[in-house]
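The chain contents come next:
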Amino acid sequence: MIKNDHPSVFSRRDFVRTILAGTALSGAALAEANAGIYQSITSINAKFLDDEAPDGAYWEGIRAHYLFEDDLIMMNNGTVGPMPKPVFNRLMRAFRTQAENPYDVYNFLPGFREGVRDKLAAFINASPDEVALTSNTTEGLNFVIHGLDLKAGDEILMSNLEHPGGLGPLGLKARRHGIVLKEVRIGPPHKDTAEIVRSFEAAISSRTKLIVVSHTVFITGLITPLRELSRMAHEKGLLVLADSAHGLGIMSLDMKNLGIDFFCSSPYKWMGTPTGIGLLYVRKDVQDKVWPTVVSTGWDKAAGARKFDPSGQRAEAMILALDEALDFQNRIGKVRIERRIKTLAGHLKQGLAKIPGLKINTPSDPYLSAGLTAFAVEGLDPARIVDYVREKYNLVVRTIGSKEAGTLGVRVSTPIYISTKEVDLLLEGVDRLARNRT
Ligand SMILES: Cc1ncc(COP(=O)(O)O)c(C=O)c1O
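Caption draft 1: Inspection of the environment of valine 197 at higher detail. Looking at the secondary structure, you find valine 197 in helix 9 (residues 193-203). Separated by 57 residues in the primary sequence, valine 197 and aspartate 254 have C-alpha atoms spaced 20 Å apart. Setting aside anything within four residues of it in sequence, one finds valine 197 in contact with Glu228, Leu229 and Met232.

See the structure below:
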C-alpha cells in the first residue's frame, strides 16, 4: 500500500475518531486535508501512467481515500455506495456553515451552484444549459414522464427490465392520461446491440411517442446501447428517456456521443456523493417539449434545463459534495475508472464461468456491460450465497430479480476500491457452495 506522507492527511481511523469525538475540524483544516489527498493522487497518477491495473499500489492508494470500515468488502453499489474522504470533508464544511452561520447558507453557498453545473456538464460532455440538478434518478424520470404532453392512446415503449423508479411514474401517467404502455422484451439472455435495437423497432406503431429504457439495467447489469437506440428512435421521430441510475461513476459518459434526449442518474451509487443529489440531462432541442414539475415564481425565466431544477430551499451541502465528487473522479480520470471497473468485472465473469451449474445473466461484451454482474446457480438459493459470503468474508452482495421472470440471482458490483483478491474471495465462496449443493 502506498504510504501517504502528507502531514495533513489523517488515517481512516484518526479521521473517524475525530469526527466521532465531536471535535469536527475547522473549514480550513478540512480544505487542507482535501488538498493533501489530491496531491497524493496526482503523485501516484504520475507514477502509474498506464500500469495501474489490475491490483497493486495505484488502486490501494486510491482505496485509502475511502471511509468505509477497513474490513468491509462492499460489492453492492445499489441504493448507495461509500464516500471518499474529500466528499465527506466538503459535506462537513457545508453543514458547519449552516450550524455556525446560516446567513452564509443562503447568501454565499448558492453562489457555487452554477460552477457545479458547469463541472457536471463538462463531465458528461453536455452544455450547462442541458443539466438540471435534481435529487435522484426517480425524480428526474418523474419530471420527464409527467412533463411531456401526451394524449390518451399515445404509446410509450419500455423494456421488460425497468426499475420501480421508472415503472411508478409510467403507471401513474398511463392511469391518469390514458397512455398505453408497451413492454419490449430484451432478455435475459441479452443478445447483441442490433438485436436490442430491433426489438424496440419492431414494437413501434404510429401512436408511439417515447421509449423509456434503463441504461444500467439493475436486474442483469446490461448497459443498453443508447447511441444506437437513440439513432433508430430519432429516425422514427421518437424521444428516448434513459434511466442511468448507476451511470455516473460507473463509466465515462458522453451525452453528445449518446445522442439521447433525457438522461437521469444518481451519483451516490458509484461516484461517492451523499444521497439527495441527482442529474437530469435534457437535450437542448427537446427542452420545450417538457413542462417543469416543481416550480416557484420565475421558473419561466430560467435558462435552459435550469427550469427543471426542483424549486424551494435546496440542500446546498449536497450540491457542494457533488462538486467534490467530480473533483475526485476527475483527479483519477473517468476513462481509467471505467477501465478499472470493467477489468474487475471481466475477472469476475471469467471466474464465475468456471463454476458448475452457474449461469451469468450479464453480457460478457464490455460495450454492453460495466460494473454490475448478475448470476444464478442452479438449485442454490441466491440468499444463501449472499448470507454465506457476508458471514465468511464480510463481503456485501445482494439478491436480485424474480423467480417468475427467470432472473432471480445474485448481483455483484465491482467498484474501483475493490481488489481482484476480494473478487477471488467471492468466487471461492460461490464455488464452495455450488460444489456442495444438495
Ligand atoms: C436502474 C435503476 N433505476 C432507478 C433507480 C432508483 O434510483 P434512486 O432511488 O436513486 O432514484 C435505481 C436504484 O438503484 C436503479 O438501479
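Caption draft 2: Quick look at the nonpolar core. By size, the foremost hydrophobic cluster in this structure holds 102 residues, and its most contacted members are Ile62, Ile124, Phe200, Ile211 and Phe263. For this core, the element with the most residues is helix 13 (residues 316-332), which contributes 10 residues. When residues no more than four places from it in sequence are discounted, the contact partners of isoleucine 62 are Ile41, Ile44, Phe328, Ile332 and Ile416. Core analysis: the second largest hydrophobic core is formed by 23 residues, Ala132, Leu141, Val144 and Cys264 among them.

Caption draft 3: Structural context of the packing of aromatic side chains. For the coordinates displayed, the defined rule picks out five aromatic pairs. Aromatic pair tyrosine 66 and phenylalanine 328: ring centres 5.7 Å apart, planes at 85 degrees, arrangement edge-to-face. Highlighted residues: tyrosine 66 in the loop between helix 3 (57-63) and strand 1 (73-74) and phenylalanine 328 in helix 13, separated in sequence by 262 residues. Comparing tyrosine 66 with phenylalanine 328, the two get one shared label, buried. Among the aromatic side chains, those forming a connected cluster through ring pairs are Tyr66, Phe328 and Tyr417. Across from the ring centre of phenylalanine 123, 5.2 Å away, lies the NZ or CZ of lysine 334, which sits over that ring.

Caption draft 4: Geometry of a nonpolar patch on the surface. A surface patch of nonpolar side chains, about 290 Å² in accessible area, is lined by Trp291, Val295 and Trp299. In this fold, tryptophan 299 is placed in the loop between strand 8 (278-282) and helix 13. Classification of tryptophan 299 as partly exposed rests on a relative accessible area of 32%.

Caption draft 5: Structural context of the environment of lysine 182. With respect to the element layout, lysine 182 can be found in strand 4 (residues 180-184). Judged by its relative accessible area of 27%, lysine 182 is partly exposed. For the pair formed by lysine 182 and isoleucine 156, sequence separation is 26 residues and the distance between their alpha carbons is 6.2 Å. In terms of polar contacts, lysine 182 uses its side chain to reach the side chain of glutamate 155, at 3.4 Å.

Caption draft 6: Representation of the sheet that holds strand 13 (residues 409-413). Pairing is antiparallel in the open sheet, where four strands are placed in the order 9-10-13-12. Among the strands making up the open sheet, the edge pair consists of strand 9 (358-360) and strand 12 (398-400). The mean inter-strand angle of the sheet, taken between neighbouring strand axes irrespective of direction, is 35 degrees. Strand direction decides the pairing type here: strand 9 and strand 10 (residues 372-377), joined by three bridges, are antiparallel. Within strand 10, the residue paired with lysine 359 across the bridge is alanine 376.

Caption draft 7: Main features of the pairing of strand 2 (residues 131-134). Here strand 2 shows no split at all, with Val131 and Leu133 on one side and Ala132 and Thr134 on the other all buried. Pairing between strand 2 and strand 8: four bridges, direction antiparallel. Opposite alanine 132, over in strand 8, you have leucine 280 as the bridge partner.

Caption draft 8: How the structure looks around the site of the ligand. Lining the immediate surroundings of the ligand are Asn136, Thr137, Thr138, His163, Thr216, Phe218, Asp243, Ala245, His246, Ser266, Tyr268 and Lys269. Take threonine 138: an N or O atom from its side chain is 2.6 Å from an oxygen atom of the ligand. Between the ligand and serine 266 there is a distance of 2.7 Å, counted from an oxygen atom to a side-chain nitrogen or oxygen. Looking at the shell around the ligand, the elements with two or more residues in it are helix 7 (137-147) and helix 12 (267-270). Considered class by class, the residues forming the shell around the ligand number three nonpolar, seven polar and two charged.

Caption draft 9: Structural context of the sheet that holds strand 5 (residues 208-214). Pairing within the open sheet is mixed, and its seven strands lie in the order 2-8-7-6-5-3-4. The open sheet terminates on both sides in strands that have one partner only, identified here as strand 2 and strand 4. Taking each pair of neighbouring strands and ignoring which way they run, the sheet shows an average axis angle of 20 degrees. Across five bridges, the pairing between strand 3 (residues 155-159) and strand 4 is parallel. Considered in strand 4, the bridge of leucine 157 is made with lysine 182. Each of strand 2 and strand 8 is contacted by helix 6 (residues 113-123), which is oriented at about 115 degrees to strand 2, the strand it contacts most.

The rules we used
- Residues numbered from 1 in each chain as written.
- Predicted model: local features only at pLDDT ≥ 70, side-chain atom pairs only at ≥ 80, totals over all residues.
- Heavy atoms only, no water.
- Helix = DSSP H or I, 4+ residues; strand = E, 2+ residues; numbered from the N terminus.
- Contact = heavy atoms within 4.5 Å.
- Core = buried A, V, L, I, M, F, W, Y, C linked by side-chain atoms within 4.5 Å.
- Buried < 20%, exposed > 50% of the residue type's maximum accessible area, 1.4 Å probe, protein only.
- Phe/Tyr/Trp six-rings, centres within 6.5 Å; stacked < 30°, edge-to-face > 60°.
- Lys NZ or Arg CZ within 6 Å of the ring centre and 35° of its normal.
- Patch = residues over 30% accessible without salt bridge, like charges linked within 9 Å, V, L, I, M, F, W, Y side chains within 5 Å.
- Areas by Shrake-Rupley, 256 points an atom, 1.4 Å probe, with all protein chains shown as cover.
- Salt bridge = Lys/Arg side-chain N within 4 Å of Asp/Glu carboxyl O.
- Polar contact = N/O pair within 3.5 Å; in protein donor to acceptor, adjacent residues only side chain to side chain.
- Pairing = 2+ DSSP bridges.
- Axes fitted to C-alpha atoms, helices over the stretch in contact; angles between N-to-C directions.
- Near = heavy atom within 4 Å.
- Nonpolar A, V, L, I, M, F, W, Y, C, P; charged D, E, K, R; others polar.

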